[in-house]
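Here's the letter readout for the chains.
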Amino acid sequence: MHAWFSWCKISTCSFSICSKFQTAHTPPVPIIIIIIFTDRSSVTLKLAATAMVEQYLSDDFIVPHKHPSNETLRNWRKCVSLVRNRSRRFRHVADLDKRSLHQDHLSKIKENLRVGFLTVRAAMRFMDGGVHFGNNHSEDAKVSNFHKNPDKLASMVQGYQVKTLRAIGGVNGVAEAVEVNLDEGVKSTDLTFRQETYGVNKYTEKPSKSFFMFVWEALHDLTLIILIVCAVVSIGVGLATEGFPDGLYDGLGILLSILLVVTVTAVSDYKQSLQFKDLDKEKKKISCQVTRDGCRKKVSIYDLVVGDIVHLSIGDQVPADGIFISGYNLLIDESSLTGESEAVHIDGKKPFLLSGTKVQDGSAKMLVAAVGMRTEWGKLMETLSDEGENETPLQVKLNGVATIIGKIGLIFAVLTFLVLTVRFLVGKAIRNEFSSWTSTDALSMLDYFATAVTIIVVAVPEGLPLAVTLSLAFAMKKLMDDKALVRHLSACETMGSSTCICTDKTGTLTTNHMVVDKIWVSGKSKDVKEPSELPENVSTVLLQCIFECTGSEVVKDTNGQTSILGTPTESAILEYGLLLGGDFGSVRSEMKILKMEPFNSKKKNMSVIISLPNGQIRAFCKGASEIVLGMCDKIIDDSGEPVPMSEEKAKLITNVINEFADKALRTLCLAYIDVEGEFDMQKDLPALGYTLIAVVGIKDPLRPGVKKAVETCLAAGITVRMVTGDNINTARAIARECGILTDGVAIEGPDFRSKSDVEKRDLAPKIQVMARSSPTDKLELVKNLRALSEVVAVTGDGTNDAPALHESDIGFAMGIAGTEVAKEQADVIVMDDDFATIVKVAKWGRAVYINIQKFVQFQLTVNIVALMINFVSACITGSAPLTAVQLLWVNLIMDTLGALALATEPPNDGLMNRQPVKRTESFITKTMWRNIIGQSVYQMAVLFVLTFAGKHILNLQGDNATVILNTFIFNTFVFCQVFNEINSRDIDKINIFRGMFSSWIFIAVMFSTVVFQIIIVEFLGTFASTVPLDWEMWLLSIGIGFVSMPIAVVLKCIPVETSMVKKHHDGYDALSGDERV
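These figures come from a predicted structure and were not determined experimentally.

Draft legend 1. View of the overall build of the protein chain. Secondary structure assignment for the protein chain yields 41 helices and 26 strands. For the protein chain, the proportion of its 1077 residues judged to be buried stands at 55%. Within the protein chain, counting contacts between residues at least 6 apart in sequence, those at least 24 apart form 74% of the total. Element-wise, carbon and sulfur atoms account for 57% of the exposed surface of the protein chain, whose accessible area totals about 45400 Å².

Draft legend 2. Seen up close, the sheet that holds strand β9 (residues 500-503). With mixed pairing, 8 strands are arranged side by side in an open sheet as β8-β26-β25-β24-β9-β21-β23-β22. With partners counted over all chains shown, the strands left at the sheet margins are β8 (484-486) and β22 (745-748), one partner each. Put simply, the sheet's adjacent strands are angled 20° from each other on average, direction ignored. In the sheet, β9 pairs with strand β21 (residues 719-723) via 4 bridges, with the strands oriented parallel. In the sheet register, Cys502 faces β21, and the bridge partner there is Arg721.

Draft legend 3. Looking closely at the packing of aromatic side chains. Under the criterion given, the structure shown has 14 aromatic pairs. Between Phe944 and Phe948, the ring centres sit 6.0 Å apart and the planes meet at 20°, which makes this aromatic pair stacked. One end of the pair is Phe944 and the other is Phe948, both in helix α35 (residues 926-954) and 4 residues apart, which spans about a single turn. Here Phe944 falls in the buried class, since its relative accessible area comes to 7%. For the ring pair Phe975 and Trp1034, a centre distance of 6.1 Å and an interplane angle of 85° mean the geometry is edge-to-face. Here Phe975 is found in helix α36 (residues 961-983), whereas its partner Trp1034 is found in helix α39 (residues 1031-1042), with 59 residues between them in sequence. Among the aromatic residues, those joined into a cluster by ring pairs are Phe211, Phe212, Phe214 and Tyr270. Lys760 extends its terminal NZ or CZ atom over the ring of Phe752, reaching a point 5.9 Å from the ring centre. Stacked on the ring of Phe1002, the Lys or Arg Arg985 has its end atom at 5.5 Å from the ring centre.

Draft legend 4. Region of interest: the state of the cysteines. In this structure the tally under the stated criterion is 0 disulfides. The closest cysteine sulfur to the non-disulfide-bonded Cys545 is located on Cys549, 5.1 Å from its own sulfur. Taking relative accessible area as the criterion, Cys545 reaches 0% and is therefore assigned buried.

Draft legend 5. Structural context of the environment of Asn971. Position of Asn971 among the secondary structure elements: in helix α36. Residues Asn971 and Thr1026, spaced 55 residues apart in sequence, show a C-alpha to C-alpha distance of 9.4 Å. Once residues within four sequence positions are removed from consideration, Asn971 is found in contact with Gln1013, Val1017, Leu1029, Trp1034 and Ser1037.

Draft legend 6. Representation of empty space enclosed by the protein. Taken as a whole and assessed by the stated rule, the structure comprises 9 cavities of 30 Å³ or more. Its volume calculated, the second largest cavity comes out at about 140 Å³. Around the second largest cavity, the lining is made up of 14 residues, and of these Arg84, Arg88, Asp221, Val261 and Thr265 lie nearest the centre. Broken down by secondary-structure element, the contributors of at least two residues to the lining of the second largest cavity are α14 (249-283) and α34 (884-902). The biggest single contributor to the lining of the second largest cavity is α34, with 4 residues. A per-class count over the lining of the second largest cavity returns 5 nonpolar, 4 polar and 5 charged.

Draft legend 7. Spotlight on the confidence of the model for the protein chain. Of all residues in the protein chain, 87% attain a pLDDT of 70 or more, and the chain-wide mean is 80. Ranking the elements of the protein chain by mean pLDDT puts helix α2 (residues 29-38) last, at 34, and α39 first, at 94. Considering only residues more than four positions removed or in separate chains, one finds that residues 130-139, a stretch of pLDDT under 50, has 14 contacts.

Draft legend 8. Summary view of helix α25 (residues 647-662). Between the first and last C-alpha of α25 there are 22 Å, a value that for 16 residues agrees with the 22 Å anticipated at 1.5 Å per step. Turning to α25, its buried residues are Ile653, Val656, Ile657, Phe660 and Ala661. Within α25, the buried residues cover an arc of 135° as seen down the axis, which keeps them to one side. The exposed residues of α25 that point more than 90 degrees off its buried face are Glu647, Glu648, Lys651 and Asp662. Note on α25: the residue one or two positions beyond its end, Ala664, has a positive phi of about 65°.

Draft legend 9. Spatial organisation of the nonpolar core. Of all hydrophobic cores here, the largest spans 161 residues; its most connected members are Leu227, Leu398, Met495, Phe812, Phe835, Ile852 and Val856. Counting 51 residues, the second largest nonpolar core, distinct from the first, contains Met156, Ile301, Met366 and Leu367.

Draft legend 10. Representation of the packing of helix α21 (residues 536-548) against helix α22 (residues 568-579). At a minimum axis separation of 9 Å, α21 and α22 run at an interaxial angle of 140°. As summarised for this structure, α21 and α22 are arranged oblique, according to the angle between their axes. Crossing handedness for the pair α21 and α22: left-handed. Residues Leu542, Leu543, Ile546 and Phe547 of α21 touch α22, and the partners they reach there are Ile573, Leu574, Tyr576, Gly577 and Leu578. In terms of residue class, the contact of α21 with α22 is made up of 8 nonpolar, 1 polar and no charged.

Draft legend 11. Quick look at the side chain of Thr291. If you trace the backbone, Thr291 turns up in strand β1 (residues 287-292). A polar contact of 2.7 Å, which involves the side chain of Thr291, links it to the side chain of His311. Sequence-distant contacts of Thr291, that is, excluding residues within four places in its chain, are made with Asp183, Glu184, Gly185, Val186, Arg296, Asp308, Ile309 and His311.

Draft legend 12. Expanded view of the environment of Ala452. Within the secondary structure, Ala452 is located in helix α18 (residues 439-459). Taking relative accessible area as the criterion, Ala452 reaches 6% and is therefore assigned buried. For the pair Ala452 and Phe412, spaced 40 residues apart in sequence, the C-alpha separation works out to 8.4 Å.

Draft legend 13. Up close: the pairing of strand β16 (residues 617-624). Extensive coverage of β16 is indicated by the burial of 8 of its 8 residues. Of the pairings in the sheet, the one linking strand β15 (residues 605-611) to β16 comprises 7 bridges and is antiparallel in character. Each bridged residue has a counterpart across the sheet, and for Val608 the counterpart in β16 is Phe620. Of the pairings in the sheet, the one linking β16 to strand β19 (residues 665-675) comprises 8 bridges and is antiparallel in character. Its bridge partner lying in β19, Cys621 is registered against Ala671.

Draft legend 14. Representation of unusual backbone geometry. The backbone phi angle of Asn512 is positive, close to 65°, even though this residue is not glycine. Relative to the assigned elements, Asn512 resides in the loop between β9 and β10 (515-521). Judged by relative accessible area, which is 13%, Asn512 ranks as buried. The backbone of Ser789 shows a phi angle near 70°, a positive value even though the residue is not glycine. If you trace the backbone, Ser789 turns up in the loop between α30 (775-787) and β24 (792-796). Its relative accessible area of 64% is what places Ser789 among the exposed residues.

So, how was this worked out
- Residues numbered from 1 in each chain as written.
- Predicted model: local features only at pLDDT ≥ 70, side-chain atom pairs only at ≥ 80, totals over all residues.
- Heavy atoms only, no water.
- Helix = DSSP H or I, 4+ residues; strand = E, 2+ residues; numbered from the N terminus.
- Buried < 20%, exposed > 50% of the residue type's maximum accessible area, 1.4 Å probe, protein only.
- Contact = heavy atoms within 4.5 Å.
- Areas by Shrake-Rupley, 256 points an atom, 1.4 Å probe, with all protein chains shown as cover.
- Pairing = 2+ DSSP bridges.
- Axes fitted to C-alpha atoms, helices over the stretch in contact; angles between N-to-C directions.
- Phe/Tyr/Trp six-rings, centres within 6.5 Å; stacked < 30°, edge-to-face > 60°.
- Lys NZ or Arg CZ within 6 Å of the ring centre and 35° of its normal.
- Disulfide = S-S within 2.5 Å.
- 1 Å grid on protein atoms, 1.4 Å probe; cavity = no way out; pocket = protein on both sides within 12 Å on 5 of 7 lines; lining within 4 Å.
- Points joined across faces, edges and corners; volume = space filled by probe spheres on them.
- Nonpolar A, V, L, I, M, F, W, Y, C, P; charged D, E, K, R; others polar.
- pLDDT = per-residue confidence, 0-100.
- Expected span 1.5 Å × (residues − 1).
- Arc of directions from axis to C-beta.
- Core = buried A, V, L, I, M, F, W, Y, C linked by side-chain atoms within 4.5 Å.
- Parallel < 35°, antiparallel > 145°, perpendicular 65-115°, else oblique.
- Left-handed = near helix turned anticlockwise from the far one by under 90°.
- Polar contact = N/O pair within 3.5 Å; in protein donor to acceptor, adjacent residues only side chain to side chain.

Here it is in structure tokens:
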């Protein structure tokens, strides 16, 4: 309260001084400066202002950054009571009503599909049991019926018409109908014909908005509509009283200003929409593996055609409707279509796969039978429309700030209009003219109203929340160039607050270009680079294991060049097999695979059971060294014969594994077991009794720049934790090499899993390395860290990483190694799988936050000065020095152009030398209030002096002295904003020019503002109520504006609380003497 009364005393004192000294032409405002800067209550005022704003925002304008409820989103919207253009303000926030309708519609469609699929499957079970009914299609089914008949093909798949499929010869019959060889695949020359015949694999999308739609949307601003009406009335009255063309100028000036504002706003919004459109295209880019022209290759799912042979593996999205050709243990998650969480087993008996479903386990080959709008997924996607993305916390908070400022501005606008009107009426009464009214009086009243409405235009900062969208869109576009695809707006913003990154090792910290470096086989450790002979029987079983126990393939391209398609780990082992002289094709053709269990992160191994040429059944296993070693009870000795594994031999192998791991090699064990008699396909593969063949050490070097990126994170207050499935020794070696493991804890996942909740909570912040971790361990670590108020970023690539990605504050999926399931749950996709790219996202996240702070500081300063100068002048002189046209230009400078200049500044390296932004900290900081109040006081002082004593100081005389003075005030005010915009480039550092010339948008905005200001003053005076100024006045205007720069230096030297500086939420440290230069 003390601060409030002090402010009231200052304000009252200033008004009385203004009144007393007006006739003496003595400038009163410098006295205000002395009072404000000598009164200690100014500090209390800043604290009170900050507390008031934050209290208001914390009540209604706080939303979680991830997964907010619809009720939370509705609450803050209700509190935004003062909006000039609702359609534009809320363009980039979720349409909750539309979303609710779509969710209901989607649920009904899914329920119908679920009931239909369950009915069909029940019928299939009866058919398998010998009961035949409900499928009349099979009686007349012929291959020719499906030739060039896409609708019939699609209906067979979606109707689960297994009987029809069998009648035409199964998948081979469909292949004959669509004219494709199941081994060779589609010919590239047939693609266009197939697209014309069977359709393209795209669903119908709604057209994007044109530029003129954004113009129309900008015209929905209520204040602009009122000003247009005022301008039209002004033109009508003006023509009637002053004739043509003099009667046009005032109204036409307002209309031209509105046209300029609308055009610039529409151009800015349209460019934003194009950026978001490009980002949406990137989000929808999904690739898949196909066989075409006899070669396996990667293509976009949108280029798939009917007849394509698609290869599916764990985590893939089924890209089209199709028919199972061959595969192993294929489990499909159909919840995206039906809502059913139970996975469906797909094989020759249940052969149909539907577009949009996910591969939960196993691998397979599929023949594409229907694409695009002929699939259930395509029809489902067509029904969905874009209901908008959830707003970010910063957007919501700035909507709250805009609401506060708007209410204050509305009060000032109403008071200004009332004061001007009352003074006008009192003047008429004093002159005894109250009973006689002329058209000039009507124009004066209209002018007062237009000025008041324009004050609302300036006072309601529509650009504040929209500046967040602009900044985020710009950052997302730049990050896309840096190989980071931001899927959700809030992720980029949240990353600026991240305190912890839980990262995978393989492919993220390392290159993912793996090669076998060492191998232990036949009792000896060998360097792969050194040639050595293996016993024939050992070489045979080793090559069998390498070439059979794999999910990858060795293929030849059209030029005859051999290449390996598959994961980097398996590719490295296959490459080693080829180096040994093995022939992938001949080994595969000699043996028949009976059953395969693909690798997954839970089991940490893969197994396969095959039939040898002599009829012997043999199983192979490959995986994490400790796990596979535990499955073995025999070992191949130096003579090449299997012998029992004694404790001594087991210890020897463990030492070999640790030796490889200490050299930062990834270790795998290969093993086999011969199965007696026939193998029951319904049973699981053997889990024990294996014979160890070899221990493989795979080298995966660190990515260039990873060590520096980790150092950058640590300097920025971001803890990096490695979470990997590798051996603990391998993980420690890599973590030390890249600087992650210092004095923290390295632990294995099972050890962490076995601890109590309290122990986990105490241990979690100390962990720097977690080895042999499962996806569940990663999820537990994330939950415990978040419970300690950490802002956690997590990387993931596998299907099982999806829960951790969903739980984290920011989920990063790998673009190269990541599955579609992981990408769908992620907030950001790292296109190059590089850890350094994650650091770039953090840097841009911080840049977005600090850029918005700069813009808010700049806009609040303009708001305060524009409101006060017009209100006080209206109270004292009965007229406003800034006209409606001039205020519209000022609004353009501080709103759209200001956002372009300050909200799109690129990040600098200094951002990563600061601590993360705390979510609990005030957005408008005490440092910002210091700058806002200091600059506002200076500008108001200058403008009040000019308003009340300008004619005397500038020695202006004659009939046009008033219009010259008002033009000079307007020009000075604009240049104060130009230089203050430069000051706002850095909130606390004195060197505001650092990096300025590398920001071409900022330079372009500054240049455009100055050029257009010259045009307005010198050439558009008729419309803008200005007159040309001589060079001396131009220099004086620029000089007064320039003085705000040394004032900014002085302000930045005023100390703020030590505690605030040490833990400043925008990361600035206390200024030292060196930093102030």
